[in-house]
There are 2 protein chains.
Amino acid sequence: MGKLLDALKALSDETRLRILNLLYEKELCVCDIMETLQISQAKASRHLIYLKNAELLKDRKHAQWVYYSLAIDERIKFIDSLVYDNLRGLELYQNDLQNLKDWLKRKTIKCD
Amino acid sequence: MGKLLDALKALSDETRLRILNLLYEKELCVCDIMETLQISQAKASRHLIYLKNAELLKDRKHAQWVYYSLAIDERIKFIDSLVYDNLRGLELYQNDLQNLKDWLKRKTIKCD
DNA sequence: TTTTCATAATCGCTTAAACGAATATAAGTA
DNA sequence: TACTTATATTCGTTTAAGCGATTATGAAAA
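Scope of this entry: the structure provided in the associated data block. Remember, it's a predicted structure, so these values are computed and weren't measured experimentally.

Once that is clear, we can look at the overall build of chain A. From N to C terminus, chain A includes 6 helices and 3 strands. For 112 residues, the compact-globule estimate of 2.2 N^0.38 gives 13 Å, and the C-alpha radius of gyration of chain A, at 14 Å, lies within 12% of that figure. Over its C-alpha atoms, taken along the principal directions, chain A stretches across nearly 45 × 30 × 25 Å. Long-range pairs, those at least 24 residues apart, make up 63% of the contacts in chain A with a sequence separation of at least 6. Only carbon and sulfur atoms are counted for the fraction: they give 49% of the accessible area of chain A, which is about 6000 Å².

See the structure below:
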């Protein structure tokens, strides 16, 4: 399948949009996604892998954690417009960003 | 479901992307789509209706024909970027536009 | 080396959606 | 009124993908 079509299929699911929105802020590990979106580990992992297979994300293993970050090249830059002009105007995605902030604060205290 | 998500699901299919690309040129009836993309009538109709339900298209009935055209509002303007910056760089979609031109020329001679 | 922790993969199930083929509808024409 | 034409809908089948629950893997810590 074409890269563009892969990307669009990857974007046609709300959980994956929410994940993408978070990763536009910063690189995150699976547990950050789980905690922020309040979804199960299996669900977070599955959707992250789906996004990675669509070449929207890349991953990096460090110790027992896997960190995911954006890997969006010029051929699909419409996604920037999608996130900044459309997603972020919606309450759900704004709330997710706030929850991410809160989680990272709590996490810093607890862990590394 | 949210309007944005509906739009993205509608965009996650190659036939519908090809249809959208054509309609960025001008309003077309179902038979224009069939001829240009060389797809069955049922397939053209189904996908047009899917796009209409996602509120990306509107239709207008005139005599026995149904004309479809874009209905893309500000809340999903990333689609402009998708079509102009991404789709139209791909050979398939360029060829479709050429086929549309050819078909409309033939059609004018034959019909109205 | 056992245990724990983070992540990925598998299983069984359910639903959405794609397809071709065939049929229905509704308007125009003979 | 028949007949044709344009479009929509239905049917039966197939495939993709979502989910929760569970198990596997692999690195870190005890």
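Alright, that's what it looks like, and here's the rest.
Attention now moves to the protein's contact with DNA strand D. Around DNA strand D, a shell composed of 20 residues is seen, among which Arg16(A), His47(A), Gln41(B), Ser45(B) and Tyr68(B) lie nearest. The separation between a phosphate oxygen of DNA strand D and a polar side-chain atom of His47(A) is 2.7 Å. One of the side-chain nitrogen or oxygen atoms of Ser45(B) is found 2.8 Å away from a phosphate oxygen of DNA strand D. Sort the elements by how many residues they give to the surface near DNA strand D and helix α4 (residues 41–53) of chain B lands first, with 5 residues.

Moving on, we get to the interface of chain B and chain A. One widely used convention gives an interface's size as the accessible area the parts lose upon coming together. On the side of chain A, 20 residues touch chain B, which itself brings 20 residues to the contact. Buried area between chain B and chain A, summed over both chains or domains, comes out near 1500 Å², and the portion from carbon and sulfur atoms is 71%. Across the contact surface, chain B and chain A share 0 salt bridges. At the boundary of chain B and chain A, one finds 2 residue pairs in polar contact (both at pLDDT 80 or more). Of all the secondary structure elements, the ones that give two or more residues to the side of chain B that touches chain A are α1 (3–10), α2 (14–23) and α5 (78–86) of chain B. For the side of chain B that touches chain A, the leading source of residues is α5(B), giving 5 residues. Considered class by class, the residues forming the side of chain B that touches chain A number 10 nonpolar, 3 polar and 7 charged.

Cut-off values and rules
- Residues numbered from 1 in each chain as written.
- Chains lettered and ligands numbered in written order.
- Predicted model: local features only at pLDDT ≥ 70, side-chain atom pairs only at ≥ 80, totals over all residues.
- Heavy atoms only, no water.
- Helix = DSSP H or I, 4+ residues; strand = E, 2+ residues; numbered from the N terminus.
- Rg over C-alpha atoms; globule rule 2.2 N^0.38 Å.
- Contact = heavy atoms within 4.5 Å.
- Areas by Shrake-Rupley, 256 points an atom, 1.4 Å probe, with all protein chains shown as cover.
- Near = heavy atom within 4 Å.
- Polar contact = N/O pair within 3.5 Å; in protein donor to acceptor, adjacent residues only side chain to side chain.
- Buried area = accessible area lost by both parts, 1.4 Å probe.
- Salt bridge = Lys/Arg side-chain N within 4 Å of Asp/Glu carboxyl O.
- Nonpolar A, V, L, I, M, F, W, Y, C, P; charged D, E, K, R; others polar.

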